[in-house]
Structures are given as C-alpha cells and as structure tokens.
2 protein chains.
Amino acid sequence: MIRRFVFGSPLETDSVIDKPAVCAGELQYFEKHENVLTFRMGKDDIVYGLGENVRGINKRGWRYVSNCTDDPHHNEGTVSLYGAHNFLLIEGPGHCPAGIFIDTPAQVSYDVGYTRSDMLEIRIDNEDYELYEIDGETPAAVVKDFRGIIGRPYLPPRWAFGYGQSRWSYLSADEVRQVAAGFQGNQIPIDSIYLDIDYMEGYKDFTINRETFPDFEELVSEMRAQGIHLVPIIDGGVKAEEGYEVCEEGLENGYFCQDENGENFTVGVWPGLCYFPDMLNEDAARWFGRKYQFLLDKGIDGFWNDMNEPAIFYSGRRLNQLFAKMEDCVCRRHLLSEDRVPAETAAAADTDGAVSAAGSFEMGSPELTDTEERSQGTIIASAAAQEPNDLHVDTAEAAGTSVSSLEAADTSAGSPKPDDIIADGLRAADISSYYEIRMMVEQMEKNPEDYRSFYHHYRGEKIRHDKVHNLFGYYMTRAAGEAFEELAPDRRILLFSRSSCVGMHRYGGIWTGDNSSWWSHLQMNLKMLPSLNMCGFLYVGADIGGFTGDVTEDLLLRWLALGIFTPLMRNHSAMGTRRQEPYTFAHTDAMAGIIGLRYRLLPYLYSEFMKAALNNEMYALPLGFIWTGDEIARRVEDQLMIGESIMIAPVCEQNATGRVVYLPEEMKLVRFAGTVLKEETIVSAGHHYIPVALDEVVFFIRRHHILPICPGGKNTESADFGDISCLHFADEGDAYELYEDDGISREVTLKGHIRRIGPDAC
Amino acid sequence: MIRRFVFGSPLETDSVIDKPAVCAGELQYFEKHENVLTFRMGKDDIVYGLGENVRGINKRGWRYVSNCTDDPHHNEGTVSLYGAHNFLLIEGPGHCPAGIFIDTPAQVSYDVGYTRSDMLEIRIDNEDYELYEIDGETPAAVVKDFRGIIGRPYLPPRWAFGYGQSRWSYLSADEVRQVAAGFQGNQIPIDSIYLDIDYMEGYKDFTINRETFPDFEELVSEMRAQGIHLVPIIDGGVKAEEGYEVCEEGLENGYFCQDENGENFTVGVWPGLCYFPDMLNEDAARWFGRKYQFLLDKGIDGFWNDMNEPAIFYSGRRLNQLFAKMEDCVCRRHLLSEDRVPAETAAAADTDGAVSAAGSFEMGSPELTDTEERSQGTIIASAAAQEPNDLHVDTAEAAGTSVSSLEAADTSAGSPKPDDIIADGLRAADISSYYEIRMMVEQMEKNPEDYRSFYHHYRGEKIRHDKVHNLFGYYMTRAAGEAFEELAPDRRILLFSRSSCVGMHRYGGIWTGDNSSWWSHLQMNLKMLPSLNMCGFLYVGADIGGFTGDVTEDLLLRWLALGIFTPLMRNHSAMGTRRQEPYTFAHTDAMAGIIGLRYRLLPYLYSEFMKAALNNEMYALPLGFIWTGDEIARRVEDQLMIGESIMIAPVCEQNATGRVVYLPEEMKLVRFAGTVLKEETIVSAGHHYIPVALDEVVFFIRRHHILPICPGGKNTESADFGDISCLHFADEGDAYELYEDDGISREVTLKGHIRRIGPDAC
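Treat the numbers as computed from the prediction; the structure is a model and nothing was measured.

## Describing the sheet that holds strand β37 (residues 696-702) of chain A
Residues and elements named next belong to chain A.
Right, so step 1: Strands sit in the order β30-β31-β32-β37-β34-β35 across an open sheet of six strands; the sheet is antiparallel. The open sheet has two edge strands with one neighbour each: β30 (620-621) and β35 (676-683).
Right, so step 2: Where strand β34 (residues 667-673) meets β37, seven bridges bridge the pair, whose relative direction is antiparallel. Residue Leu-669 lies in a different strand from β37, and its bridge partner there is Phe-700.

Now the structure itself:
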C-alpha cells in the first residue's frame, strides 16, 4: 500500500514516474512536526535502505545526510557520499514492514538512533516535498511497491557484466595496448578498459589528447576486435577556454550556470577554471547529451560520468578572496615591521576579503631580513598567539570560530609595535595570518557558500543550486541516457555515474566512488549492495581492490571473490598507488581463475539481474529479507543472497584462511578453485567454520534451487551462454527461469526470453 | 636463546639494559644485505609484534614504519603511529618461534608480505644498530626472553587501574566539579579525571590558568577527598615567551634544541611558537623532569605526556618561507596586471623561498579590481592551468612533483601578458600560485625537513634530530620517571605517554593516541594489546569511545565492555565532538554497571598485571600463544586471553546482539549484567553463537582456572580487595596465585605478596 503526501509546492524531480493520487489522510507510521518526521523504533527493528552510505546493512546507530559529495575519504564518520537515496524501510516485530521515500532535490538528514537509540528522525531542508509511505506484508513487497513507482532500472549491455580494468590513468594508447596484452598474455578474461581523465586534451570533455592517443579511433576498433570495449570518462565541468568548441557553444547559448548577477560562475576542477553546464536546463542538457556523439562516432559504446556532485576544487571568487587575504597578510606583516605606522592603519590592513588600501611598501625590504636575523633566539612577550585548536581536529565541529577568536586575541594585544617579535622575526600577527590563510585553503574545496552562489534554469524557474544540488549528477546522466536513446536506438550503451539520486537509476548505474584499498571497504562494498538495490540502483559496483591507497595481493583476491557477484565488476585505482592490474601480482593464475569464474556464472548473474530489473525486485538481498523470522539471519551483515539461488559469504578479513558462515537452513556448499568445481557438500543449518583458500570461491545453493552456469570464456563475446549446465540443490520438479536475450537490444521484456530449466534438463 | 649482533657503531639507546655478549656468528633466521634483513615466510607463519600499529594481531600483509608520528587519522593505510616498537616474532610450522629486535633510534621499515606475500623485509635507515635474534620453544618463551633483556615494565599505582574520565578539555575547576558530580550522582565508579591542555595558562607547561582554575590546589584536594585523582597533561614543547620561567631557564642554560647555526629552533605547537627541551641531553632532561615538582607540590600524583613525537604544527623558518612565497605570489599577480613589466622581472618574482626583489607596487590597485570586473565572463586561452592531480589524492605518493610541473607549465606559456586572463580576473599564474600556497600549507605540519633541522646533545655528541627521532618521547617520559624516583621515592606516580620507544616501557605506560569513535577502532584497541605487551608495554589503553568523531551509546557500551579488561581504562574525547561522559547517555545504569564490573574484577586484573610485569610475561595474549597447534585459534583476531584464567570475546560490531566465539577447549561461560552475575554455563570446544545484550559482559574461564573477584566499589579506595570470592572452572587441588600489595609502594616483589587460593578457599 502506497500513500502519497504533498507538502508545500514541491519541485518536480521525476524521481517518481508513476504517482498515485495524493492521500488526504494522516501519515500512518511517522509523526510530522513541520519538516521533521519521527518514528519510535522498537528494540528489534531494523532500518534498511538509504542506498549509498557507510556503516551497516542495518542503518541504525548513525546519522546520514543526503547531500551529494565528492569525498575521497570514506570512513565510519562519513555522513554523505555521492548519492542522495531517500528511501528507507523499517522492519521488525509488531508492525508491518514500512517504507518511506522523501522526494526532494534538497538535503535530507537522517538520525537513525544516533542521538537516541530508539528514535528515527528525518529532517528535510525544505518545506516543499513529496512523501511516500509504503507498507506491505514483507520487506521485499515494500521494496517492490516502491520500485514500481520509480520505474525500471537502467539496463546495460551484457558485455558490461564482463570484467573491466581501470586506472587513473592509462596515459597513452600504448599503455592501453599494454594492459590488454597483460590480460591476454596471462589468460585473464576481460571485456573493458576504462579511460580516466588523461585521454582528453587538457581534461576537456569531448576532446582527445592527440599527443598521447594519436590513433584513438584505430585503438578503439583494434580493442573491439580483441573483444575489449574502451570506456571513457566524462566530467561535469567544461573548461573555460577560448576556442574550445564546447565552451564557446555553451557560452553562446547561455547553457552554463550563472551567479546572482547573471555572470557565468567559474569553478576549478581538473581542467582548471571551468563552467558548469546547466544540466537541469532542458535545452542545455539536450545539448550536453548530444555531445557524447563525438565519442560514439569513434566507436565508443560506454561512458562513466564523474565529478558530477558537482565537485568543486575552488571557485573563481574564492580564489580572488584568498589572494586579497594574502595581500592583507603580507601588507600587515610589512606595516608591523615599520616603526611609524599608527594603529589605525594597521587595523585597516585587517579588513577581510578585500584588497587593503593601507598604502604602499617595499617588497623584500632588506630591513625585514635584518630584523629577522637580529631577533633570532630572543623572546618578546606576547599574549596573542593562541593556536586555534579546532584546526587540528578535522572532525570537530566548532572550527568556524577560531579565526575570529584569533583576530580578537590579536587585537587585544594592542596596537602592533615594530618590536613585538616572538622569535625568528615572527610576530603574533603572523601566526594569526598563517591560520587565516590555512583555514581559507582548507575551506576552498566543496565550500557550501559556493554551492549557494550559482543558479539553474529548471522548468522555467531560476533556482539557486543548493536547492536542487542533488539533481546535478542525475540530470547529467539523464542527459546522456536520453541522448543515447536517440543516437543509438538499437543498442544499449554502458553508462554509469558517480553522483546520483533516485530517478537516475533509470538512466545509468553507479560506481560507489573513491573508496580505499582497505578490508573494511571490501566489507562496505558488500553492505551497500542491497541498500542500493532497494533504491532502484541495480547496475552497481565498487572499485575492486580500492581506489586510493595501496592494495595487497590477498585483498585483491578476496575482493575479486566478492566482485564476481556485483553487476559492475571493475578494478580501479588511483594515480600514485600500487599498480592493481591482476597480472602485476605473483599469483596471476589465482586472479585469472576467480575472474574466469565470473564468466562461468554469467548466465545466472545476468538472468537474475534482468529479472530483478524487470520485476522490480532486488538482485542482492540481506538474509533478513528471506528469513524474516530468523533473529540471527536478520543481524547478518557479511552475507548476502545473490538472486534466488545462491548465498554468498565472502572472506573479508586479512590473513583469515576461512570464516564462520551462518546458514538459516540446510544448503549445498559449492567450492570453486578458480573455474574448477572442487566440492559440493550439503551443510546443515547453523554456524559453520568454512576454510576458504585465497584462490577459492565458496558459496551456497538454497534447497530447491538451481544455478545455471556456462563454460566461460575470455570475454562475454566468446562465452557460449547457450551451453548451459547446472549446479543445484533441487529435486525433480524444481525449476529455474533462465532469462536469455541477445545482450544488446533495447527492447527488453520477460516475454519470449524466459526458458524454464529443471535440475536434470541442463 | 638470545644472540646479540652489533653493526657499525650504534648509539646507546638504553632500550636493552641486560645485554648478552656480542655473538660472533651469523644471523640464524634472517638474511642480511647491508641494512636490509629478509626472511622467507611459510604459508602458515604468523608474524606477531610491532607494538603500536594498525591492522591485525598477525601483522602480515602490510608495511609499517617505526617513525613516531602525531597522526590523528588512523586507518588501514597508516604506516606509522606514535611509537617505535622494533620487536617482531615469527611463529609457524617447521621452525622455532623466532623473534628479532632492532635496537636503533632511527627509522625502521617493515614489509611484512606487502610487496611479496611470502617475504618479510626489514630496512633500517642507519648503518649503526644492534640486532637481537631470539628463539625459543614457544612464542611466549621468546617474548619472555626478550622482555628479560629490556627490563621490568613501569608499574602504576593501583588507583590507576580505576576508571578515568577525560576530555579535551575540562575548561575550568567548576567543570571538573560538575564531571565528578555527574559520576557520583549516577553511581558510576571513578578514580581519576584528566586535565587536558586548558588547565594551563596559554598552554605553557608547569603553569596553571588561574582565571579558570583559581583554586587549583583546593580542587586537587577536594577531588582527592572524593577519591578522585586529577591527572594533568604535559606537552613536549615549551612556549617561547619572555618572563615565562621555564622558557627563561631553558634559554639561560642552553637546554633547548638548536639549529645548525646554534640558534634555538622554533616550532609551533599548542602555545604558539615553542622551543623543544633537549630531552636527550642529560642535564636538560634532569631539569625538565624536576619541573614536574610544580604539580606534585599541588597534590598531583599522575601525568600524561603528550605531543612528544615531537609534534610540529609549523616551524618558524617554514612560516617565514610561506610568507615569502605569499609575497612572491602577490607580487607576481600585480606584475602580471601591469603592461610594462619585462619577462625577466616577472621571472625573478618566481624565486622560491626568498623575499623577491622584484620592485615595489601599489597595494589594492583600483586598476586590478577594474580589470577583474571587465574580464568577467570572457575567456582568454591559456595552456598553463593544468591542475596538479596528486593534490587531490592524499594517499598518492607522487605529490612532490606537481608544483614544479605547474611552474614549468606556467613558464612554458611565455612571458606573462596583462591580458592572459582566463575568467574572473584570474590568470594561469594565479592557479599555479594557489597550488603552491596550498602545498606549502599542506606540508606545514610534521614536515620531514623540519625534523632534519635541529639537533640534540646526546651523550656528548651533537646529533641531528632525525637520527634519534624515536627517542624524544621516550626520554621525555624517562626524565619524568627518573625525577619521580627522587621526588616521590615512597610511592608510584601515574605516568603515561603518547610517543614511545622500547625502553620507555620501564618509565611509563602509553595510551594509543588519537583514535576515532569507530567500531573498527574498538577492534584495533583489542588487536594492539598483545602486540604492545610483547614489546614491554603493559600499562596501556586506548581512548575508550574514541577521541575524534562522535560516539554512539552502543559503541561506548561495547567499548567499555572491552575497556574493563585494559590496564589503563580511560574515556577520552576531543573538543567539538559529542560529549562522551557515561552519564550523558540514556542508559546510564548500563554504563555504571559495566564500569562497576571493572572494580569487581580488579583483584584478578591487578594480580595478573603485576605478575606479568614481574615475570616478564604478557597480560593480554593472542589465542595462538596458548593453543599453538590449533589452526583456527591461531587465526582468531577478535578474542584474547586476559591473564591465565579468562578469555574475552567482545562484541565489536554495531547492531549485533551477539557474536560467534571460538573456544579452543571446553570453558565456562560467565555472563554479567553489570556487576550482577547472571549465568555460568560450561560450553564445549568449537564455534558458538553467544547472545550478548548491550548491558552485559560475557567472558570465559579456562578449565582448572580461578577468577578472584571482590565486591567492587565507587573507586579503588573504597573497594575491599581483601574480600575475595571466586568464580572458577576448577577442581579441588587447582589453585590461583593472587598478588596483593598496598597498591602504592615502589618496592614491589612477588615474594611476600602472593597468596595461593583454591576454588573453595575463597
């Protein structure tokens, strides 16, 4: 049962495309006080959902903020990642499973038992929003109802289920060829190689760096002939550069976001100073989406959209403020070194954010150096130079006040005198200057004030960015997705994004951003999968091996053993980190074996993905969704059901040679050493310690279920998906519905594509 | 068997105090090539040790660097924390357990199967060091031999085993009184309240802020009357301030570290510009240690030494470099805005690290503002403003090169012209300037160059700091510890430190620094305990609840349930984070109950601690130290033996209502709900799922073992340690050796302090 409520005059987000009539009654599960919704949680309630966020499958015990953020340091303290996924579901004894979806492009904050362990509080930063309460018999039923109103998830081509290799960056066509050769020479299957920002000329969207990729078109077709798709990145900002066609067109047509005065707003991203295309403006979006044709024409059939939170390294105006402050500081320093400066002039030099008019001074005055030398080792009393403590605790929230208190301390020391030197020629005012500059530098990136300083034209209205912040990545990806429907009507194009919002799931998948080469992030990868599925995102994956930091061989092997079950299976790593291609490690065979197993499992994985997408179901499920009455199963955070037939329980701890697995019911253990089946054993319900070697993959088949597999291959093209055999824990009469299609056509229905197979029939 | 080797002419560190004769033979376990030692690890070898470091009890699969570092962001990628603990132990099939200790004050790097999973490589940053190879029948025997040569660990007074409450900072005497009242009003036992930097006047060591602590001496005695010890912090740097006695004395006597020219080296720490006392200089150390008398005289009997890696926020000379660079940038900006500047002059403005002599200019030129306005929304081509990618990936190692490549890009653009504006009045050179400033700011703290810029006088030699870096915290704490032997000969003084090195364990304990309110850090707390014990550090603990970040009630409860078993049991949190005192949460009773249980367990915990210290044994042991042949036990990373009788298995995951515990043998499960015994059940060997509620503590008693407990109390003074009763899983004839003393005398021996008790005798 879905009840829709409308508060105020909400903006249409197109997150929900199948809206029920507005409900006249009261909210049934939540109490509402203005923009705050509360729910009193029972001791054993579990809160599922919230898509891309840190911590557990059960979101209780932390707070989260839907505020798409470019954050390269995910940890347990993180409250915002790249997506805004405002659906959650409360399941527990004594009440129906109940879901809530907040449809708003603005920030939403969730306190899921953080402040008070029994209280769920949702705070919406806007008075205008739509709200959906959904209840049902089971958590799966609630998800299905919700998914029904937000529309069918994006469907990638089948080749996008193959293994992808990425790195920031493969710097040249030759390096791409070397990577391909690395896979081929080591018999490691592969379907795609990703191109990060360096394939572009000066990081400019829709350009090719012809110095490093002189024969780009040839490279694309050469790779395709080897079964490898090249997947280039597209960034959210367009470089401000005279003569750069995309920029010129955007300026000419007024397609860029502007400030309060109607001037194009400048931000620094990879290319240097950029403009943001107004992705929310229909004309601009259509124009931007059409630009992808530049690469489609070169044979490209897959893209990843990045930096579309949108990320801001700095804004032009903030950079100007920094320079003004630097002038102030330099000026103050010189004034203080001069005997004759009256206090008023020195104070004037302190004016914030503007170029000071304190007068001229001689740069590099030899007197200053002299003074510095003379003062070495001497001490002059000063009560001023208290350090702002908060700067040294990034997590402390009180940071905002410290510069002003420094200024106060500075002023309280009285008029600066030429001789108030502490040591090394440094004065209290210098320490203060340093912390002012430091704070400005630290607050340069992603500054909230910058997000309040530019505007969109959205459905005829001029709207300040922060009011619709969470739509940017969504509408960028939608622009591409809608363009592809026109530009490539007969085939699916691979498309996924870093930033997202519910609604975007119809146009592309996501990868879960800049994670780290940490075991805890392998665990987080697992935990995020079902949460994302609930919110409509099915084509998802994390950077296998971790983006930042240095991977170890064992971590990569274990991560691959999870990664073979994620729809997007991509190994990606950052510049400056240890090389992460599977063939760079000692046990290349083990890597090849686990990746090879992915290809053997593809008939099942692809089938489960497509059925989940077409039936509004989940591909990866928490155990509590199946065994709702099993108190232990409900709390399991490191095992998942993948589709209807198999339960996975990856080894997620370093140096572990096995792990304890909980079986809610009798299942069949299946052990693969790479692509080779090694063991099938029926295991009773309960906890079991299961040894799992680094080159092995162990999973469990449910009773009455069937797992269709194929012989695999070096890529999806060479794998024979028609040559099906079955693993099963089934009896005569049990059956599996295998979904089969050509893997590329856009017209996708279950009808005509389902083949029923029994345990013996394969 | 211990074999000692001496290479080159090592400095004496006093890490080892009972040195065997130098061995003439070859290394038996390690291959040595110059300063690199290697050991080929078997598949099932476990590497124990390395004290204070991240990751597992088994250190395999990562790299570590002994380089005492003030790092407030511990995560899986961290290679250096606050200590330098150069002992490790390899245990596995086919060879004796073998330990190695590198005795050097310089950096040592460990690659424990990071680069190659089977290779342990140790790299010493110095040609002069001593090396000890130790083997024995069991891992415990190897540790015991090693501990034998490094001397008896520091023994705190018994009251230091009580619960301590801390925060950065309790800002006034009144706030301290409120905290005490918070505990008393909620019947939560407590023995100590910690004073962080704000009790001092301007963060100056050995001063009292009389505005906020006007009646400090009265406060101390008032608290003592309530059974509460106040424990103030002492920092490693001394404020540079005229008239500040400690500073004046240090200057007068030449006790501060000096630069290459013999000038006192200035660094910024909490008080602003400071000098470092030369803790390695015997006279300076003796002087500094004697300074603690200032607080002893006020009734203080416990201290924590902080910032003694030593931490550096900035150095005076680096700050001057920043100001010079800022002048350069400001100057370049102005020069670029003037038509007539020849290229040579502009280039001169680029000179690094010195005040430019490029000539004078008018500050706040109205033309500049004009230009900025006119240029809005226009684009001028520039090939220069490539962003230095690496700045955006903190973990990337290649960062060093980006500024210079920026400079190159800048220069290649040719002579600056007045009109090369990209947008918003900003030029390519401005972007370059910004990244230069940003990099200087980012590299201001803990800059390696600063650690190479000052000197110690150590045993008659002038030695550059980086050569002896790891001794600073050790010698600061030793200075205090040795002073206490003279100043308080009849009683033990509580003393622990943030930075440490093997050898310091004889003078003080450690807390494990600025952790976070993360579940993974609760786990890390557990894993570090045995590693620290191996290196001699027995009086240890982590900041319970986590220092940075916001704790949740459940995390604090679970952390307390581990914390009651750590010798140092202190709750500490950072300014700006959520309040973390137990009485600030809803379930104060549960907090009081778990802390109360600590006091019930004290007869056992104190006894096990003292026996371990006096017998060179471990207080907290990995399961693999006891059940060496049990392959599952050897891999357990989240359970410990605490002393001889009990095994703990804390719940370390959020929202878990229990956990799987591995029992290597039949044991007796003991369940407490707070101080109340709820269950005693004999549990068979193997894996078991054990429910554990948030207010409960569950542990396991070994067969033939006895656990003496007492009735507890509101503090150690009021607890009657003579009123012993026993929990046990023992038969007639089994016995426990209870260590008892007055808890305060310095003269400590086993003789005369051991009472044998049987299961029924209590």
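## Overview of the sheet that holds strand β34 (residues 667-673) of chain B
Residue and element names in this part refer to chain B.
Right, so step 1: Taken in spatial order, the six strands of this open sheet run β30-β31-β32-β37-β34-β35, and their pairing is antiparallel. Pairing within the sheet leaves two strands with one partner each, and these edge strands are β30 (620-621) and β35 (676-683).
Right, so step 2: Along the sheet, helix α16 (residues 588-615) contacts β31 (640-642), β32 (646-648), β34 and β37 (696-702); its crossing angle with β37, the most-contacted strand, is approximately 20°.

## Quick notes on the pairing of strand β3 (residues 36-40) of chain A
Residues and elements named next belong to chain A.
Right, so step 1: Within β3, four of the five residues are buried, which leaves it mostly tucked inside the rest of the structure.
Right, so step 2: Relative to β3, strand β2 (residues 31-33) runs antiparallel, the two being bridged by three bridges. Considered in β3, the bridge of Glu-31 is made with Thr-38.
Right, so step 3: Taking the residues between adjacent antiparallel strands as the criterion, β2 and β3 are bridged by two residues, where Glu-34 takes a positive phi near 55°.
Right, so step 4: Relative to strand β10 (residues 119-124), β3 runs antiparallel, the two being bridged by five bridges. Note that in β10 the partner of Thr-38 across the bridge is Glu-121.

## Quick look at the pattern of salt bridges
Residue and element names in this part refer to chain A.
Right, so step 1: Applying the stated criterion across every chain, the model contains 114 salt bridges over all chains.
Right, so step 2: Between Lys-291 and Glu-249 there is a salt bridge, with the nearest N and O atoms lying 2.9 Å from each other. Taken as a pair, Lys-291 in helix α5 (residues 282-291) and Glu-249 in helix α4 (residues 245-253) lie far apart in primary sequence, 42 residues in all.
Right, so step 3: Look at Lys-291 and you get buried, because its relative accessible area is 16%.
Right, so step 4: Salt-bridge contacts for Asp-638 lead to Arg-659; the nearest nitrogen and oxygen are separated by 3.2 Å. On the criterion of sequence distance, the pair formed by Asp-638 in the loop between α18 (631-635) and β31 (640-642) and Arg-659 in strand β33 (residues 658-663) is long-range, its members being 21 residues apart.
Right, so step 5: Bridged by salt links that share partners, the residues Asp-70, Asp-306, Glu-309, Arg-498 and Asp-514 form one connected network.

## Description of the nonpolar core
Right, so step 1: If you look at the biggest cluster of nonpolar residues, it comprises 496 residues, and the most contacted ones within it are Ile-122 and Phe-699 of chain A together with Ile-122 and Phe-699 of chain B.
Right, so step 2: With 17 residues, the top contributor of residues to this core is α16 of chain B.
Right, so step 3: Setting aside chain neighbours within four positions, we find Ile-122 of chain B in contact with Phe-30, Asn-35, Val-36, Leu-37, Leu-88, Ile-100, Ile-102, Val-108, Ser-109 and Tyr-110 of chain B.

## As for the packing of α5 of chain A against helix α13 (residues 472-487) of chain A
For any two helices packed against each other, the geometry comes down to the angle between their axes and how far apart the axes lie.
Residues and elements named next belong to chain A.
Right, so step 1: One can describe the packing of α5 onto α13 by two numbers: an axis separation of 8 Å at closest approach and a directional angle of 65°. Note that α5 runs across α13; the crossing there is right-handed. In this structure, α5 contributes Ala-285, Arg-286, Phe-288, Gly-289 and Arg-290 to the contact, and α13 contributes Met-476, Ala-479, Ala-480, Ala-483, Glu-486 and Leu-487.
Right, so step 2: Split by residue class, the contact of α5 with α13 holds seven nonpolar, one polar and three charged.

## Concerning the packing of helix α11 (residues 428-442) of chain A against helix α11 (residues 428-442) of chain B
Right, so step 1: Where α11 of chain A contacts α11 of chain B, the axes come no closer than 10 Å and their chain directions differ by 110°. The orientation of α11 of chain A relative to α11 of chain B falls into the category roughly perpendicular. The hand of the α11 of chain A/α11 of chain B crossing is left-handed. On α11 of chain B, the residues touching Tyr-434, Ile-437, Arg-438 and Val-441 of chain A of α11 of chain A are Tyr-434, Ile-437, Arg-438 and Val-441 of chain B.
Right, so step 2: Residues that form the contact of α11 of chain A with α11 of chain B fall into these classes: six nonpolar, no polar and two charged.

## Quick look at unusual backbone geometry
Right, so step 1: Here the bond from Trp-168 of chain A into Ser-169 of chain A is cis, since omega is -5°, no more than 30 degrees from zero.
Right, so step 2: The phi angle at Asp-14 of chain A is positive, at roughly 60°, despite the residue not being glycine.
Right, so step 3: Secondary-structure assignment places Asp-14 of chain A in the loop between β1 (2-7) and β2.
Right, so step 4: Classification of Asp-14 of chain A by relative accessible area gives buried; the value is 16%.
Right, so step 5: A positive phi angle, close to 70°, is found at Asn-655 of chain B, a residue other than glycine.
Right, so step 6: Structurally, Asn-655 of chain B is set in the loop between β32 and β33 (658-663).

## What about the environment of Ala-284 of chain B?
All names here are of chain B.
Right, so step 1: By the element assignment, Ala-284 lies in helix α5 (residues 282-291).
Right, so step 2: With 195 residues separating them along the chain, Ala-284 and Ala-479 place their C-alpha atoms 8.9 Å apart.
Right, so step 3: Apart from residues lying up to four places away in sequence, Ala-284 is in contact with Tyr-255 and Asp-278.

## Notes on the environment of His-457 of chain B
All names here are of chain B.
Right, so step 1: Of note, His-457 is situated in strand β22 (residues 455-458).
Right, so step 2: Relative accessible area serves as the criterion here: at 36%, His-457 is assigned to the partly exposed category.
Right, so step 3: In this structure the C-alpha to C-alpha distance between His-457 and Gly-513, which are 56 residues apart in sequence, comes to 28 Å.
Right, so step 4: Once residues lying within four places of it in the same chain are set aside, the contact partners of His-457 are Asp-278, Leu-280, Asn-281 and Lys-462.

## Some thoughts on the state of the cysteines
Right, so step 1: With the rule as written, the count across this model stands at zero disulfides over all chains.
Right, so step 2: The thiol of Cys-652 of chain B is not disulfide-bonded; the next cysteine sulfur, from Cys-652 of chain A, is found 16 Å away.

## Details of the packing of aromatic side chains
Right, so step 1: What the rule picks out here adds up to 96 aromatic pairs over all chains.
Right, so step 2: Seen in terms of ring centroids, Phe-276 of chain A and Phe-454 of chain A are 5.6 Å apart; in terms of plane orientation they differ by 40°. Their pairing is tilted. Here Phe-276 of chain A, found in the loop between β17 (272-275) and α5, pairs with Phe-454 of chain A, found in the loop between α12 (448-451) and β22 (455-458); they are 178 residues apart in sequence, far enough to count as distant. Assigned by exposure class, Phe-276 of chain A and Phe-454 of chain A land together as buried.
Right, so step 3: Centroid distance Trp-168 of chain B to Phe-547 of chain B: 6.4 Å. Interplanar angle 20°. Geometry classified as stacked. Of this pair, Trp-168 of chain B sits in the loop between β12 (163-165) and α2 (173-185) while Phe-547 of chain B is found in the loop between β28 (543-544) and α15 (553-563), placing the two residues 379 residues apart along the sequence.
Right, so step 4: Each member of the aromatic cluster is reached from another via a ring pair, and the members are Tyr-154, Phe-161, Tyr-194, Trp-304, Phe-496, Trp-511, Tyr-539, Tyr-606, Phe-609, Tyr-619 and Tyr-739 of chain A.
Right, so step 5: Positioned above the aromatic ring of Tyr-606 of chain A is the side chain of Arg-158 of chain A, whose terminal nitrogen or guanidinium carbon lies 5.8 Å from the ring centre.
Right, so step 6: In this structure, Arg-570 of chain B is placed above the aromatic ring of Trp-304 of chain B, and the distance from its NZ or CZ to the ring centre is 4.2 Å.

The rules we used
- Residues numbered from 1 in each chain as written.
- Chains lettered and ligands numbered in written order.
- Predicted model: local features only at pLDDT ≥ 70, side-chain atom pairs only at ≥ 80, totals over all residues.
- Heavy atoms only, no water.
- Pairing = 2+ DSSP bridges.
- Helix = DSSP H or I, 4+ residues; strand = E, 2+ residues; numbered from the N terminus.
- Contact = heavy atoms within 4.5 Å.
- Axes fitted to C-alpha atoms, helices over the stretch in contact; angles between N-to-C directions.
- Buried < 20%, exposed > 50% of the residue type's maximum accessible area, 1.4 Å probe, protein only.
- Salt bridge = Lys/Arg side-chain N within 4 Å of Asp/Glu carboxyl O.
- Core = buried A, V, L, I, M, F, W, Y, C linked by side-chain atoms within 4.5 Å.
- Left-handed = near helix turned anticlockwise from the far one by under 90°.
- Nonpolar A, V, L, I, M, F, W, Y, C, P; charged D, E, K, R; others polar.
- Parallel < 35°, antiparallel > 145°, perpendicular 65-115°, else oblique.
- Disulfide = S-S within 2.5 Å.
- Phe/Tyr/Trp six-rings, centres within 6.5 Å; stacked < 30°, edge-to-face > 60°.
- Lys NZ or Arg CZ within 6 Å of the ring centre and 35° of its normal.

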